[in-house]
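Summary of structural features
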Amino acid sequence: MSESTIESGLQEKRVFYPSAEFSSQAQVKSLDEYQQLYDRAQADPQTFWAELAEQELHWFQPWHTVLDWQPPFAQWFVGGQTNVSYNCLDRHLTTWRRNKAALIWEGEPGDSRTLTYAQLHREVCQFANALKQLGVGKGDVVGIYMPMIPEAAIAMLACARIGAPHSVVFGGFSAEAVRDRLADGKAKLVVTADGGWRKDAIVPLKTQVDRAIADGAVPTVENVLVVRRTGQDIDMQPGRDHWWHDLQPTVSADCPAEPMDSEDVLFVLYTSGSTGKPKGVVHTTAGYNLYAHMTTKWIFDLQDTDVYWCTADVGWITGHSYIVYGPLSNGATSVMYEGAPRPSNPGCFWDVVEKYGVTIFYTAPTAIRAFIKMGSDLPQARDLSSLRLLGTVGEPINPEAWMWYHTVIGKERCPIVDTWWQTETGGVMITPLPGATPTKPGSATRPLPGILADVVDLDGNSVPDNEGGYLVVRHPWPGMMRTVYGDPDRFRRTYWEHIPPKDGRYLYFAGDGARRDEDGYFWVMGRVDDVINVAGHRLGTMEIESALVSHPAVAEAAVVGRPDEVKGNEIVAFVTLESDQEPTEELAKALKKHVGQEIGAIARPGDIRFSDALPKTRSGKIMRRLLRSIASGQEVSGDTSTLEDRSVLDKLRGGA
Ligand code: 7RM
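This structure is a prediction, so every number in the text was calculated from the model and none was measured.

Parameters at a glance
Residues numbered from 1 in each chain as written. Predicted model: local features only at pLDDT ≥ 70, side-chain atom pairs only at ≥ 80, totals over all residues. Heavy atoms only, no water. Helix = DSSP H or I, 4+ residues; strand = E, 2+ residues; numbered from the N terminus. Buried < 20%, exposed > 50% of the residue type's maximum accessible area, 1.4 Å probe, protein only. Polar contact = N/O pair within 3.5 Å; in protein donor to acceptor, adjacent residues only side chain to side chain. Contact = heavy atoms within 4.5 Å. Near = heavy atom within 4 Å. Areas by Shrake-Rupley, 256 points an atom, 1.4 Å probe, with all protein chains shown as cover. Nonpolar A, V, L, I, M, F, W, Y, C, P; charged D, E, K, R; others polar. Pairing = 2+ DSSP bridges. Axes fitted to C-alpha atoms, helices over the stretch in contact; angles between N-to-C directions. Right-handed = clockwise from strand over helix to strand, strands pointing away. Salt bridge = Lys/Arg side-chain N within 4 Å of Asp/Glu carboxyl O.

1. A word on the side chain of Arg161
Here Arg161 lies in helix α6 (residues 150–162). On the accessibility criterion, Arg161 (1% relative accessible area) is buried. Polar contacts involving the side chain of Arg161 include one to the side chain of Ser85, which spans 2.9 Å. Non-local contacts of Arg161, meaning those with residues more than four positions away in its chain, are made with Asn83, Ser85, Tyr86, Asp90, His121, Val124, Cys125, Ala128, Cys255, Pro256, Ala257 and Glu258.

2. Let's talk about the environment of Ala74
Structurally, Ala74 can be placed in strand β4 (residues 73–78). The buried category is assigned to Ala74, whose relative accessible area is 6%. Sequence separation of Ala74 and Ala444 is 370 residues, and the distance between their C-alpha atoms is 26 Å. Among residues more than four places away in sequence, those in contact with Ala74 are Leu67, Asp68, Trp69, Glu263, Pro476, Met480 and Arg482.

3. Let's talk about the site of the ligand
Surrounding the ligand, one finds 17 residues, the nearest of these being Asp418, Thr419, Thr423, Asp512 and Arg538. Backbone polar atom of Pro396 to a nitrogen atom of the ligand: 3.4 Å apart, as the coordinates give it. Protein contact buries 95% of the 530 Å² of open area that the ligand shows by itself. Listing elements by their share of the shell around the ligand, those giving two or more residues are α11 (317–329), β22 (416–419) and β27 (522–527). Partitioned by chemical class, the residues of the shell around the ligand number 6 nonpolar, 6 polar and 5 charged.

4. Observations regarding the environment of Ala590
You can see Ala590 is positioned in helix α18 (residues 585–598). For Ala590, a relative accessible area of 32% puts it in the partly exposed group.

5. Some details on the pairing of strand β24 (residues 469–473)
The element β24 is largely enclosed, with a buried count of 4 among its 5 residues. With 4 bridges connecting them, strand β23 (residues 453–456) and β24 associate as antiparallel partners. Looking across to β24, one finds that Asp454 is bridged to Val472. Looking at chain direction, β24 and strand β26 (residues 508–516) are connected through 4 bridges and run antiparallel. Bridge pairing in β26 places Tyr470 opposite Gly513.

6. Regarding the sheet that holds β24
Spatially, the 4 strands line up as an open sheet ordered β23-β24-β26-β27, and their pairing is antiparallel. The open sheet has two edge strands, β23 and β27, and neither has a second partner. Put simply, the sheet's adjacent strands are angled 45 degrees from each other on average, direction ignored.

7. Details of the pairing of strand β31 (residues 568–577)
When you tally the buried positions in β31, you get 8 out of 10 residues, the bulk of the element. Inspection of the sheet shows strand β30 (residues 554–564) paired to β31 by 10 bridges, in the antiparallel sense. Across the sheet, Ala557 pairs through a bridge with Val575, a residue of β31. For the handedness criterion, the β-α-β arrangement of β31, α18 and strand β32 (residues 607–610) is classed as right-handed.

8. Some remarks on the pattern of salt bridges
A complete count under the given rule lists 39 salt bridges for this structure. Two residues, Glu263 and Arg482, come together in a salt bridge whose shortest N-O distance is 3.0 Å. Of this pair, Glu263 sits in the loop between β15 (260–261) and β16 (265–271) while Arg482 sits in the loop between β24 and β25 (483–484); the two residues are 219 residues apart in sequence, bridging distant segments of the chain. Since its relative accessible area comes to 7%, Arg482 is described here as buried. Residue Asp306 is joined to Arg388 by a salt bridge in which the shortest nitrogen-to-oxygen separation is 2.7 Å. One end of the pair, Asp306, is in the loop between α10 (285–299) and β18 (307–310); the other, Arg388, is in the loop between α14 (377–380) and β21 (389–393), with 82 residues separating them in the sequence. Accessibility classification places Asp306 together with Arg388 in one group, the buried group. Three or more residues joined by partner-sharing salt bridges are found here, namely Arg562, Lys567, Glu570, Asp607 and Arg609.

Taken by themselves, the reported measurements are silent on function.
Next comes the structure, spelled out in structure tokens:
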């Protein structure tokens, strides 16, 4: 890669070009080629996507309408029938890929397993038959609460095969969070494991499921299918709970993929918003499949010999689209890792790269910043020469972290793709194409072909270059979410009416602030709503506040983010106590623990600040802006005239 400087008037002026060697073999070989694709897609999006759908997916039946757009509700490839599990497995079996590694699994502690496409297909068929035997049919929602083991992907693909929408719940969420999600989705069956490894400890997943569904809390759940992973003793309720290893030998490995309508639900995945409980983001079959497939192919520039590794958990959208569906639909080899960097094994990521000769590596900026802290000798002591392409996702990457990634991991040789997207978008929206797009550290660069991204004001008008605004998308795309599960009104309000529609023109509102520079490059600034991004995980302030208030000692709580060097943001909770309570260290500890139990460890506040009162407007709204300044130790600036009781501010500052 060569480095040069352009005059941009911005702080970040460095530009990095893909090497001629990389570009010459890439899927998209130049900026010109990207621009042609982009222009073609913009001129006629329907023909653009229809051609790709025909070339890249298998169809049981062709569609009659490419896009039916009744804003804000979209239907893609209407009338067509396909199956995501077929596209990810069966169609590779008649090619040389039959015996290619589909999944390479590296487990903790030291276990490993490789499944070829033929082997994965067989297990998915068996799992699908087991689900059927337990009464799961087309349209029944299946909860999946699993560690990072092959059976998590197998369960997802088995659901897709028989048309049962899955609802994966991240294995780090608590029993309470599992209960809410299973209840909202009306899950009929839950797939889980006896336990899972998380940073040297066993997480008792099955026990959490027992707690989540105890006392008829989720009356729709009829059966629990349990995979043995850690081997510890667990309770098995006769009639309800079933071991996968007991069922597997009894079921047939023959299970044809069910032809699914393009718009049948593939999965529901819960994500945090600014208000209320997490929303069930709904993705459907054909559009999602095509979008995950195309974006994986373009962005990761997949070649037959690649060993591709995305370090996310399958409990997040990144795991859905870029560990399971995107890579497998393309017939790639996808690495799945159960572990996580931790003090007892800080070099584990680099060991995995070396062991399997990983060529494409996709991780989060928070991980990169943690590695910087651990020192460069760890990666330098491993052979990372197999790497040819690096990616980041989940949060903005600061230029320093980008440069470290580029030099220490990529040895100044590997392009970096900084991919901006969301649970709602199904796949990546704004990103460099590694063989085509010059990169600038900290910018996700340009939108993919077919994605009409813009930066606008609250009236929906584009703002001038280099001015801040709201990130929006102006045209539907195949991977877009279709609705909020069970709440189409919330879908409309949250994403399409924040910027009021005008003359039938609807804009998708992403909830992020951004700026576009004079080269058309996007710089995503972060959330503009009450969502806090902690270590690449998305958390709603409301959820954490509700968890705090559910503790008997707490009267009121307000939660804000404070910039953190490694995690991007850290949660600071301002808490007022019931009158009979004393603000002590122990209570602060107990409250952090309580949030961990209510939601999961990722939501634990880093800091609890007790206060007699919270700053409120005269209409009773908590002034989070002020709390944010106080939390980060900044001067409180801007207008405080609406503050009801000004002495509250001084007390908060004094007490902090
Ligand atoms: C994939 C994922 C979505 C939110 C999104 C942003 C932030 C994600 C980037 C980013 C800057 C990026 N889904 N975000 N990627 N910000 N640059 N490359 O993370 O639904 O969990 O979160 O994450 O704020 O709105 S998510």
